[in-house]
Amino acid sequence: MRTPLMAGNWKMHKGPGEAINFLNGLSDAVADVEDREVLICPPFVDIYALGRMLRKSETPIKLGGQNLYPAEEGAYTGETAPPMLKECNCDYVILGHSERRHVFEEDDSFINEKVKAARQYDLIPILCVGETEPQRDAGQAEEVVSDQIRGGLTDVEINSADELVIAYEPVWAIGTGRTATPDDAQAMHAHIRTILTDLYGEGIANGVRIQYGGSVKPHNVDELMAQPDIDGALVGGASLEVGSFERIVKFEA
Ligand code: 13P
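Residues numbered from 1 in each chain as written. Predicted model: local features only at pLDDT ≥ 70, side-chain atom pairs only at ≥ 80, totals over all residues. Heavy atoms only, no water.

### Description of the pattern of salt bridges
Side chains that differ in sign of charge can pair as their charged atoms come close.
In step 1: Enumeration according to the criterion identifies 20 salt bridges in this entry.
In step 2: Between Asp122 and Lys86 there is a salt bridge; the shortest N-O distance is 3.8 Å. Of this pair, Asp122 sits in the loop between α5 (108-120) and β5 (124-129) while Lys86 sits in helix α3 (residues 82-87), and the two are 36 residues apart along the sequence.
In step 3: As a salt-bridge pair, Glu246 and Lys250 come within 2.8 Å of each other at their nearest N and O atoms.
In step 4: Judged by its relative accessible area of 24%, Glu246 falls in the partly exposed class.
In step 5: In this structure Lys250 comes out as partly exposed when scored by relative accessible area, which is 28%.
In step 6: In this structure, a network of salt bridges that share partners links the residues Arg2, Arg193, Asp229 and Asp231. (Salt bridge = Lys/Arg side-chain N within 4 Å of Asp/Glu carboxyl O. Helix = DSSP H or I, 4+ residues; strand = E, 2+ residues; numbered from the N terminus. Buried < 20%, exposed > 50% of the residue type's maximum accessible area, 1.4 Å probe, protein only.)

### Details of unusual backbone geometry
In step 1: Notably, Asp155 is not glycine yet its phi reads approximately 60 degrees, a positive angle.
In step 2: By the element assignment, Asp155 lies in the loop between α7 (141-152) and β6 (165-168).
In step 3: Residue classification places Asp155 among the exposed residues on the basis of a relative accessible area of 68%.

### Overview of the pairing of β6
In step 1: Alternating positions in β6 separate into two faces, Val165 and Ala167 on one and Ile166 and Tyr168 on the other, with burial throughout.
In step 2: Bridge count between β5 and β6: four bridges; the pairing is parallel. Along β6, the bridge assignment pairs Val129 with Tyr168. (Pairing = 2+ DSSP bridges.)

Laid out in structure tokens, this is it:
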């Protein structure tokens, strides 16, 4: 019922040349994949070229931004507006990634503005949430995640489940090789679904996809995807090679 969303977040890797080669390789590799959605989120400088390629091809691969600025246009040097992403063939946008929260000090209310801007311009937000290691050790993980979801979604109207994706990315698992155990990840995903039920009702909450992110690799994707509330993966390092990302997309649960 929930089509798995297998997404690569390239972060600040690959310029246009490498990105085009990658997309050619991935298109061939996933041409026969039917029961899952494949998404790549490249740096902004790659998006126009990749968007054109995708428009002309049969491949089901979709494109997303890694961020946006919540305004239609204006004097915001260095920023990217939601309609620009739409024009470049993006369907999704990652918002509130832990690197945005921690390196660029984005807080829940700014992320909330971004989620609203994404919805206004018909982009599907992938709202990222997750606790730090000290927060987990202090037993605060559920509360932190709950606050991030409620803060990020304040006054955000969702009319159908495919208008929103949540990515649970425990900060201590990102780029460290330490994945959450499938049981711990499942427990948090179930918790997230109860918050979504509270906000949007059971019908929508049961359809919203909740991705897991944080050191997802070919060797651990199968057991993560076997969990009932894990509906996809948001993959950093292992999405940078066609072979490893292909294996992740083609998980066997
Ligand atoms: P890694 O897969 O490299 O741990 O990164 C996860 C992530 O932050 C995806 O958004």
